[in-house]
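Okay, here's what each chain looks like letter by letter:
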Amino acid sequence: MEPATEAEAGVSLRPWAAKADAFLGHLVEIPAAVLVIAEVVVLFAGVVSRYVFDRPLVWSDELASLCFLWLGLLGACVALRRGEHMRMTAMVTALPPRGRAFIEVLAIAASAAFLLLIVMPAYRFALNETFITTPALGISAAWRASALPVCAALMILIALVRLACVASTRQVVEAVALTLAIGAVLYLMKSVFADLGNINLVIFFVVLLAAAIFAGVPIAFAFGLGTFAYLALTTRVPMSIVVSRMDEGMSHLILLAVPLFVLLGYLIETTGMARAMVAFLAALVGHVRGGLSYVLLGAIFLVSGISGAKAADMAAVAPVLFPEMKARGAKPGELIALLSSSGAMSETIPPSLVLITIGSVTGVSIAALFTGGLLPALVLALALAGVAWWRSRGEDLSAVRRAGLGEIGRTFAIALPALILPFVIRFAVVEGIATATEVSTIGIVYSVLAGLLIYRRFEWHRLRAMLVGTASLSGAILFIIGAATAMAWALTQSGFSGQLASFMSTLPGGAASFMAMSIVVFVILGSVLEGIPAIVLFGPLLFPIAEAVGINDVHYAIVVILAMGIGLFAPPFGVGYYTACAIGRVNPDEGMRPIMGYLLALLIGVIVIAAVPWFSIGFL
């Protein structure tokens, strides 16, 4: 979330607030960065001890899990301070400056309200965990669970300081008053809600949730507010259940891979590995008509096979290719359209964070998802290449020099260490050297060694920024998963999941109509909720239905992820599209028309993949 400017907020930054903000920044960023390093060390030590010395460290997963929860929640604190929690901003940015400034303040106030609601239940949850002893380390489980109340309290402080930094006293009072007024009205209507039955689901999970999301409240906090309000006002469930469900959602061991693959994405960019791959592809096909478009697609495909974060993939490729593509006459809107659609295309290329997430919340094999995701991504890449070829028919190649065999060979030799990294990662998983959780540490160590010994490039001054950025993105993802898990539990307890299953399973046309409906639903959800929240919230509800109507779980996972990717990178709501615009430094308006052709190609490709399961499961 970008803070309001001084003009919008109507106040200059208060000196004491600036100092408090800097202090809180150091307080959460330094331990978060240290914990990222600790995760890498612990998990890599586990791999070496088990595979090299045949002496497994029985405590490594338990210690890594403990560190991970602290890392994730401290990362959520960092993301709140830096405004990096996922949120819908399309409506907010359309407002005049004064209205936008007030909505920004209201979003912070609403986030603080949710944190205030859960801080005491989180404390009680941690207190109850003191009676549990961990099996491997033999320590109290409270060491791990205390991350919830401690980081909730830290986020409250951060939210209050942010209010002091970006808002006038009047704006703060108005935002807090409005938040309290909404809460009071809902509380006074508690007796009314008791008689409404499932209409409450519409009130809390459609109306209230949509209002919060479109008002710019970070999606994780909007999920939490909707869930807390629904359970508090319509049921007798103790509110500690919200915290315990959040903890459950954030405790999947496979999620340990999230920060490590994010860090790996930063490393391949800072060590020059991504640039080397792009240079080789450019030498290979850069001279043909539309060649640099193919290079961009190929580079995203390769880089996505190393990093799990799409923003990191695009940031590694775009700065290298865009200047030359512009020199060849490509329009900025066309460039950003291709970059954004390539992000949607690569959602299923392992080790995608979305693949890891969907496996963790639905129980689908991560290894099977990694295998099944490659060919569908290739199908979509070919569809995008077809559109790029059609649009590049008039490209002027008179000044373009064709690379000789010597140059191609030289760039290949330079890129080879980077090109084999995706195969190293896959080999380590398939051969049982490392689990899907641990394999990212092998990639990290490989990248660091390649950067230092082969490419002779490692930007040490960026190390802290990379570690903090890793913690921030990981924290934003983890907090959404926790909040969405609590929300999914509430929907299940309400009976909604059973009713949804009954409705979807009785659709005329059986599996075909269910798949078609799922594509439409996930395109919309990807646009409104972003990818991971949509997957976490609706995956556990829809996957059992897919299985009941005879759809393979890996095939269904691949199709809904790709459909979600289309929504995520489609304007006017898709956050991924605006991320691509920010990376390419292009006005979003310029890409609105050019991207439509690419989105149509993606949609046709997804329909083909849905109709032909072999693309997803033919090599399982």
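For the structure, check the block above.
These lines cover the structure that appears in this document, whether it is placed above or below. (Residues numbered from 1 in each chain as written. Predicted model: local features only at pLDDT ≥ 70, side-chain atom pairs only at ≥ 80, totals over all residues. Heavy atoms only, no water.)

### Quick notes on the overall build of the protein chain
Assigned secondary structure in the protein chain consists of 32 helices and zero strands. Computed over the C-alpha atoms, the radius of gyration of the protein chain is 24 Å, within 12% of the 25 Å expected from 2.2 N^0.38 for a compact globule of 620 residues. Seen through its C-alpha atoms, the protein chain measures out along the principal axes to roughly 75 × 60 × 55 Å. Within the protein chain, the fraction of its 620 residues that count as buried is 58%. In the protein chain, of all internal contacts separated by at least 6 residues, the share reaching a separation of at least 24 is 81%. Across the protein chain, the 34 positively charged side chains and the 32 negatively charged ones have centroids separated by 6 Å. (Helix = DSSP H or I, 4+ residues; strand = E, 2+ residues; numbered from the N terminus. Rg over C-alpha atoms; globule rule 2.2 N^0.38 Å. Buried < 20%, exposed > 50% of the residue type's maximum accessible area, 1.4 Å probe, protein only. Contact = heavy atoms within 4.5 Å. Lys, Arg positive; Asp, Glu negative; His and termini not counted. Charge placed at Lys NZ, Arg CZ, Asp CG, Glu CD.)

### Let's talk about the side chain of Asn 200
Considering the arrangement of structural elements, one finds Asn 200 in helix H10 (residues 199-214). With a relative accessible area of 3%, Asn 200 lands in the buried category. Not counting residues within four places of it along the chain, the set of residues in contact with Asn 200 comprises Phe 193, Phe 205, Tyr 230 and Thr 234.

### Notes on the environment of Thr 133
Positionally, Thr 133 belongs in the loop between helix H5 (97-128) and helix H6 (142-145). When neighbours within four sequence positions are excluded, Thr 133 is seen to be in contact with Gly 138 and Ile 139.

### Looking at the pattern of salt bridges
One pass over the full model with this rule turns up ten salt bridges. A salt bridge links Arg 81 to Asp 21; the nearest nitrogen and oxygen atoms lie 3.3 Å apart. Taken together, the residues Arg 81 in helix H3 (residues 60-82) and Asp 21 in helix H2 (residues 15-51) connect sequence positions 60 residues apart. For Arg 464, the salt bridge is made with Glu 29, and the minimal N-O distance between the two is 3.1 Å. With Arg 464 in helix H24 (residues 463-493) and Glu 29 in helix H2, this residue pair connects regions lying 435 residues apart in the sequence. The class for Arg 464 is partly exposed, based on a relative accessible area of 39%. For Glu 29, a relative accessible area of 11% puts it in the buried group. What you see here is one network of salt bridges that share partners, running through Asp 21, Glu 29, Arg 81, Arg 162 and Arg 464. (Salt bridge = Lys/Arg side-chain N within 4 Å of Asp/Glu carboxyl O.)

### Examining the environment of Leu 384
Residue position: Leu 384 is located in helix H20 (residues 374-391). Judged by its relative accessible area of 0%, Leu 384 falls in the buried class. In this structure, the C-alpha to C-alpha distance between Leu 384 and Ser 293, residues 91 residues apart in sequence, is 9.3 Å. With near-sequence residues (within four places) excluded, Leu 384 lies in contact with Leu 297, Ser 341, Ser 342, Met 345, Tyr 598 and Leu 602.

### Thoughts on the nonpolar core
Grouped together as the largest cluster of nonpolar side chains are 228 residues, with contacts concentrated most on Phe 223, Leu 296, Leu 339, Met 345, Phe 479, Phe 522 and Tyr 556. By residue number, the principal contributor to this core is H24, which donates 17 residues. Among residues more than four places away in sequence, those in contact with Tyr 556 are Phe 514, Met 515, Ser 518, Phe 522, Leu 542, Phe 543, Ala 546 and Ile 551. (Core = buried A, V, L, I, M, F, W, Y, C linked by side-chain atoms within 4.5 Å.)

### A word on the packing of helix H21 (residues 405-419) against helix H22 (residues 421-430)
Orientation of H21 relative to H22, taken along the N-to-C sense of each, is 25°, at an axis distance of 6 Å. Comparing the axis directions of H21 and H22 gives the class roughly parallel. Side by side, H21 and H22 meet where Pro 417, Ala 418 and Leu 419 of the first sit next to Leu 421, Pro 422 and Phe 423 of the second. Of the residues belonging to the contact of H21 with H22, the class tally is six nonpolar, no polar and no charged. (Axes fitted to C-alpha atoms, helices over the stretch in contact; angles between N-to-C directions. Parallel < 35°, antiparallel > 145°, perpendicular 65-115°, else oblique. Nonpolar A, V, L, I, M, F, W, Y, C, P; charged D, E, K, R; others polar.)

### Quick notes on unusual backbone geometry
We note that Asp 54 has phi near 55°; this positive angle belongs to a residue other than glycine. By the secondary structure assignment, Asp 54 is in the loop between H2 and H3. Residue classification places Asp 54 among the exposed residues on the basis of a relative accessible area of 63%. The phi torsion at Arg 456 lies on the positive side, around 50°, for a residue other than glycine.

### Notes on H24
For H24, built from 31 residues, the straight-helix expectation of 45 Å at 1.5 Å per residue is met to within 8% by its first-to-last C-alpha distance of 45 Å. Summarising burial for H24: 25 of the 31 residues are buried, a large majority. (Expected span 1.5 Å × (residues − 1).)

### A short note on the packing of helix H28 (residues 553-568) against helix H31 (residues 594-611)
Interaxial distance between H28 and H31 falls to 10 Å at its minimum, and their mutual angle equals 170°. Here H28 lies roughly antiparallel to H31, going by the angle between them. Across the interface between the two elements, His 555, Val 559, Leu 562, Ala 563 and Ile 566 of H28 pack against Leu 599, Leu 602, Leu 603, Val 606, Ile 609 and Ala 610 of H31. Class assignment for the residues of the contact of H28 with H31 results in ten nonpolar, one polar and no charged.

### Some points on empty space enclosed by the protein
Enumeration according to the criterion identifies four cavities of 30 Å³ or more in this entry. In terms of lining, the largest cavity is formed by Leu 73, Ile 118, Ala 122, Ala 147, Leu 148, Cys 151, Ala 152, Met 155, Val 243, Met 246 and Phe 479. At the level of elements, H5, helix H7 (147-166) and helix H12 (240-249) are the ones that each hand at least two residues to the lining of the largest cavity. Looking at the lining of the largest cavity residue by residue, the classes come out as eleven nonpolar, no polar and no charged. (1 Å grid on protein atoms, 1.4 Å probe; cavity = no way out; pocket = protein on both sides within 12 Å on 5 of 7 lines; lining within 4 Å. Points joined across faces, edges and corners; volume = space filled by probe spheres on them.)

### Quick look at the packing of aromatic side chains
The description of an aromatic ring pair uses the distance of the two centres, along with the angle that the planes make with each other. Using the criterion set out here, one finds twelve aromatic pairs in the structure. Centre to centre, the rings of Trp 614 and Phe 619 are 5.5 Å apart; their planes meet at 55°, and the pair counts as tilted. Classification of Phe 619 by relative accessible area gives exposed; the value is 58%. Taken together, the aromatic side chains of Phe 193, Phe 204, Phe 205 and Tyr 230 make up a single cluster linked through ring pairs. One cation-aromatic arrangement involves Arg 391 over Tyr 598; the distance from NZ or CZ to the ring centre is 4.7 Å. (Phe/Tyr/Trp six-rings, centres within 6.5 Å; stacked < 30°, edge-to-face > 60°. Lys NZ or Arg CZ within 6 Å of the ring centre and 35° of its normal.)

### Section: the state of the cysteines
For the structure on display, the rule yields zero disulfides. No disulfide involves Cys 67; its sulfur sits 13 Å from that of Cys 151, the nearest cysteine. Just so you know, Cys 165 is unpaired, no disulfide at all, and the nearest cysteine sulfur is the one on Cys 77, 16 Å from it. A residue is classified by how much of its surface remains accessible, and Cys 165, at 6% relative accessible area, is buried. (Disulfide = S-S within 2.5 Å.)

### Thoughts on H3
In a regular helix each residue adds 1.5 Å, so 23 residues correspond to 33 Å; H3 covers 31 Å between its end C-alpha atoms and thus fits that length. With respect to burial, H3 is a largely interior element, 20 of its 23 residues being buried. Positive backbone phi, approximately 70°, marks Gly 83, located one or two places after H3.

None of the figures reported here should be taken as evidence of function without further support.
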